[in-house]
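Okay, here's what each chain looks like letter by letter:
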Amino acid sequence: MAAVLLCGCETARSGLDYSATERKIGPPKAGHARVVVLREKGFGGLGDPDWAFSIDGTPIKGLKTGTYVYVDRPAGQHQFVAEEAALGVTRVDFNARSGQTLFFVARFSERKNAIIANSSTGLLGWGLTLAITSGYKNQGPLDFLPLEEQAARTTVAELRLAE
């Protein structure tokens, strides 16, 4: 069991790195923006499940530890949504300009981290944690934090395209 846990600390991904993806797909088409969401390297947990979320109602799949996903969307207002039963919904609105590439890092929300930290306390502890965290600004499972482009390009260079 210990070997399995240690092997899961950092999984090597096989997708394209970001510069190769950019060369392959080129810039967003006229009137569109590119939205890149990344998940930093680190311990992904047993099985390293992907984090489910959507942009403008379109499900985005495959975001695992050490990967990124991208979508091109028409310029204008957009929304991330992530939902988890018994936890709540994350909604993040953002605006994208034509030709722009926006970078976001996805991380567990403060509420989700608190619930994970107290998961071993049983049903009563879980209920108390839900009650205590009910006043948190983000009731959902994920945060989508905007990244400054230069820092994002440095970070995403080490990641691989999600499969």
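First, a word on what this report is: a plain description of the structure on this page. The structure presented is a predicted model; accordingly, all values stated were derived computationally and were not measured.

1. Comments concerning the sheet that holds strand E9 (residues 160–161)
- The sheet built from five strands is open, its strands ordered E8-E7-E1-E4-E9 with mixed pairing. The open sheet has two edge strands with one neighbour each: strand E8 (142–147) and E9.
- Where strand E4 (residues 67–74) lies against E9, two bridges are found, and the strand directions are parallel. Following the sheet pairing, Thr 67 is matched in E9 by Arg 160.
- Lying over the sheet, helix H2 (residues 18–25) contacts strand E1 (32–39), E4, strand E7 (101–108) and E9, oriented at roughly 30 degrees with respect to E4.

2. Overview of a nonpolar patch on the surface
- Nonpolar side chains collect at one region of the surface, where Leu 124, Leu 128 and Ile 132 lie side by side and expose about 350 Å² of accessible area between them.
- The class of Ile 132 is exposed, set by a relative accessible area of 65%.

3. What about the environment of Ser 109?
- Looking at where Ser 109 falls in the secondary structure, it is placed in the loop between E7 and helix H3 (110–117).
- The sequence separation of Ser 109 and Thr 90 amounts to 19 residues, and the corresponding C-alpha distance is 8.8 Å.
- Here Gly 140 takes part through its backbone oxygen, which lies 2.6 Å from a polar atom of the side chain of Ser 109.

4. Some words on the side chain of Gln 100
- Checked against the element boundaries, Gln 100 lands in the loop between strand E6 (88–96) and E7.
- Residues within four places of Gln 100 in sequence aside, it is in contact with Pro 28, His 32, Ala 33, Arg 34 and Asn 95.

5. Description of H3
- Listed as buried for H3 are Arg 111, Lys 112, Ala 114 and Ile 115. What you see down the axis of H3 is that its buried residues fit within an arc of 160 degrees, all on one side. Summarising the geometry of H3, the exposed residues directed more than 90 degrees from the buried face are Glu 110 and Ala 117.
- Against the buried residues of H3 lie strand E5 (76–84), E7 and helix H4 (122–132).

6. Brief notes about the side chain of Arg 73
- Among the secondary structure elements, Arg 73 is positioned in strand E4.
- A polar contact of 3.5 Å, which involves the side chain of Arg 73, links it to the side chain of Thr 58.
- What Arg 73 contacts, discounting residues up to four positions off in sequence, is Gly 31, His 32, Ala 33, Ile 55, Asp 56, Thr 58 and His 78.

Cut-offs applied
Residues numbered from 1 in each chain as written. Predicted model: local features only at pLDDT ≥ 70, side-chain atom pairs only at ≥ 80, totals over all residues. Heavy atoms only, no water. Pairing = 2+ DSSP bridges. Helix = DSSP H or I, 4+ residues; strand = E, 2+ residues; numbered from the N terminus. Contact = heavy atoms within 4.5 Å. Axes fitted to C-alpha atoms, helices over the stretch in contact; angles between N-to-C directions. Patch = residues over 30% accessible without salt bridge, like charges linked within 9 Å, V, L, I, M, F, W, Y side chains within 5 Å. Areas by Shrake-Rupley, 256 points an atom, 1.4 Å probe, with all protein chains shown as cover. Salt bridge = Lys/Arg side-chain N within 4 Å of Asp/Glu carboxyl O. Buried < 20%, exposed > 50% of the residue type's maximum accessible area, 1.4 Å probe, protein only. Polar contact = N/O pair within 3.5 Å; in protein donor to acceptor, adjacent residues only side chain to side chain. Arc of directions from axis to C-beta.

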